[in-house]
Each structure stands twice: as C-alpha cells, then as structure tokens.
Amino acid sequence: MHEITVESLIDDYLFALRCIRNLDENHFLYLTPKERDAMRGTLVEETRQDHAFKLLALIDAALRNDFHQSRANRRRDPLSMLQRELHTEYRNEVRGNPRSRDVARRIAVARILLALERYASPLSGAAKRDCRVARNYLPFLRWYPERHAPKGPMPFVADPEDLVELHRRLQQRVFDREDVV
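Residues numbered from 1 in each chain as written. Predicted model: local features only at pLDDT ≥ 70, side-chain atom pairs only at ≥ 80, totals over all residues. Heavy atoms only, no water.

*Asks:* Got a minute to help me understand the packing of helix H1 (residues 6–21) against helix H7 (residues 160–175) in this structure?
*Replies:* When two helices pack together, their arrangement is given by the angle between the helix axes and the distance between those axes. In contact at an axis separation of 10 Å, H1 and H7 are set at 165° when each is read in the N-to-C sense. Taken together, the axes of H1 and H7 lie roughly antiparallel to each other. The two elements H1 and H7 cross, and the hand of that crossing is left-handed. Each of Val6, Ile10, Tyr13 and Leu14 in H1 lies in contact with H7, whose residues at this interface are Pro160, Glu161, Val164 and His167. Taken together, the residues of the contact of H1 with H7 break down into six nonpolar, one polar and one charged. (Axes fitted to C-alpha atoms, helices over the stretch in contact; angles between N-to-C directions. Helix = DSSP H or I, 4+ residues; strand = E, 2+ residues; numbered from the N terminus. Parallel < 35°, antiparallel > 145°, perpendicular 65-115°, else oblique. Left-handed = near helix turned anticlockwise from the far one by under 90°. Contact = heavy atoms within 4.5 Å. Nonpolar A, V, L, I, M, F, W, Y, C, P; charged D, E, K, R; others polar.)

*Asks:* Mind showing me how you'd approach the nonpolar core here?
*Replies:* Ranked by internal contacts, the top residues of the largest apolar core, which has 34 residues, are Leu113, Leu116, Phe140, Leu163, Leu166 and Leu170. Mapped by element, the contributors of at least two residues to this core are H1, helix H2 (33–73), helix H3 (78–93), helix H5 (109–119), helix H6 (125–143) and H7. Take this core: its biggest share by element is seven residues, from H6. Leaving out residues up to four positions away in the same chain, leucine 163 has contacts with Ala52, Leu55, Leu56, Ile59, Tyr137 and Ala158. (Core = buried A, V, L, I, M, F, W, Y, C linked by side-chain atoms within 4.5 Å. Buried < 20%, exposed > 50% of the residue type's maximum accessible area, 1.4 Å probe, protein only.)

Written out as structure tokens, the structure reads:
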C-alpha cells in the first residue's frame, strides 16, 4: 500500500478514468449503446466524487495540522499569531473553562479559512481567493459520507484536478507562510 498524498490520489484518479474509458462491450453485456454510455458516465461521476472527497479530506487535514502546529509551536510569524488569536477568540466563546487542546480540535476548518481570508493583506488577493474557494468546497466534504441518505441537496463537487491545484496554492501561500498577512 502506498502513502496517501495529493500526487498519489490524482494519479489514481487519472488511472481510474483511463480504465473506465477503455472498458469494452464485454464489460457491459446486455446493455444498449445508450445504456452503456450512461453507465460509463455514472462510473466517471462516482470516481470524480470519490477522489474529490479524498482530496478535500487531505486539504482539511493539512489545514487542521497547520493550525495545531502553529498554536502549539508558538511561531512568531503573522499567520501563526493570527491562528493563536483565533484560538483564543473561540476559547472565549465556549462556555466553561475547556482545555486548550480540546478547544483547538473543535474549531471548524471553515472558520480557520474565514479568519485567513479576513486577515489576509490586500496585497495577497490570491490567498484570499484560495481560502474562499476552499471554504466553498467544504460542504461537499460533509455531505459525501451521507450521500445515499442526504440531508439536503448535493453541494458543488470540485474537479479533482482543480483540488490538486488548490492544494498546491495553499501549500505555497498558507502552509509555507508566503504572501499572507
């Protein structure tokens, strides 16, 4: 089994698409050509949704990991200080006196992205846009596990290739602490 990375997931996705396109008529016995094309379309859509979910989960995990590391390591760069500020703000909103570690686990990734988007300097419009795009994709991450008994309409499904590009830009602008704040 290989390590699950953005690169391995996009390679798996492209491989699955090639396999679906190369299926011949023997794999679709007793189907008309129209039904065969519909079945291929369904397979492609399921593959796209599955890989979009996996890539979004990696982005979500990377954002949470970066947030926890920034808070725990007490880095002095402006982005880390912003994330500690968000943690303190959220901790003050929670009733009682919860432990810092517990509060950090409960902060939604959408809220982290919103804070990054809100505090990004005017010079980093691209970073703001990337945070907004990532935040708009998150409803699909929550919807997908319950897709067979959905509690609402299906949210927008990002294309896996677009998610790879988004992850690359977030890596440069947020995780590597460039061009933000």
